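Each chain is listed here by its residues.
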Amino acid sequence: MTMPYDQQDDVPDDTLLVLYANGDDTAARALTLRLTPRVFSHAFRMLGDRAEAEDVAQEAMIRLFRQAPEWRQGEAKVTTWLYRVTANLCTDRLRKAKGVALDVIAEPEDDAKTAAQSMLDQARSEALQRALATLPERQREAVALRHLQGLSNPEIAEVMTISVEAVESLTARGKRALAAALADQREALGYTDG
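Since the structure is predicted, the reported quantities are computational estimates derived from the model, not experimental observations. (Residues numbered from 1 in each chain as written. Predicted model: local features only at pLDDT ≥ 70, side-chain atom pairs only at ≥ 80, totals over all residues. Heavy atoms only, no water.)

Draft legend 1. Inspection of the pattern of salt bridges at higher detail. Counted according to the given criterion, the structure contains six salt bridges. Among the ionic pairs, Asp-55 bridges to Arg-93, the shortest N-O distance being 4.0 Å. Note that Asp-55 is positioned in helix H3 (residues 50–67) and Arg-93 in helix H4 (residues 78–96), a separation of 38 residues in sequence. In this structure, the salt-bridge partner of Arg-138 is Glu-141, at a minimum N-O distance of 3.9 Å. Note that Arg-138 and Glu-141 are positioned in helix H6 (residues 137–148) at a spacing of three residues, about one turn of the helix. (Salt bridge = Lys/Arg side-chain N within 4 Å of Asp/Glu carboxyl O. Helix = DSSP H or I, 4+ residues; strand = E, 2+ residues; numbered from the N terminus.)

Structure follows, in structure tokens:
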């Protein structure tokens, strides 16, 4: 049975995955449109390279669809599984590229913003990406999942296969390190006290 595409917005991820495994191609399109931007964003935050992040996002989605026939609905969240796969793929790429500086690529501009706001947003994004790149890998992953992807600490713990307390520690240390790394740029980035 194929569910009409326009009725899939409220269908849970795991249900869409099971529908895809049972031959519903529109479920695959819905999952791809829903999850790929999140996966790409997480990969970009970890890698700092748009092309590498696109490759990782594509590979992670391929692995998700290969996993579909064995997916056990209700055991894990699709997004948690997908973030873990994405993180592992990024870690593999970072280990292979150890010692090679990652290029910082600006986020695409939003046409609705003024040129000045777009430039400021780009500067902030680049500064954040540079600061994130200075963090140890596990701190960077935890901070990105928590504060950029919006996952809860228990979800992050599951993705990273660590305890919630370890997540809290990693994110707290990561936030302090980011604040220190960005402290001297506050005024230049348009942040003022008051």
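On we go.
Draft legend 2. Representation of empty space enclosed by the protein. Applying the stated criterion across every chain yields a total of one cavity of 30 Å³ or more. If you go around the largest cavity, the residues you meet are Leu-35, Arg-38, Val-39, Thr-79, Leu-82 and Tyr-83. At the level of elements, helix H2 (25–47) and H4 are the ones that each hand at least two residues to the lining of the largest cavity. Here the lining of the largest cavity is built from residues that sort into four nonpolar, one polar and one charged. (1 Å grid on protein atoms, 1.4 Å probe; cavity = no way out; pocket = protein on both sides within 12 Å on 5 of 7 lines; lining within 4 Å. Points joined across faces, edges and corners; volume = space filled by probe spheres on them. Nonpolar A, V, L, I, M, F, W, Y, C, P; charged D, E, K, R; others polar.)

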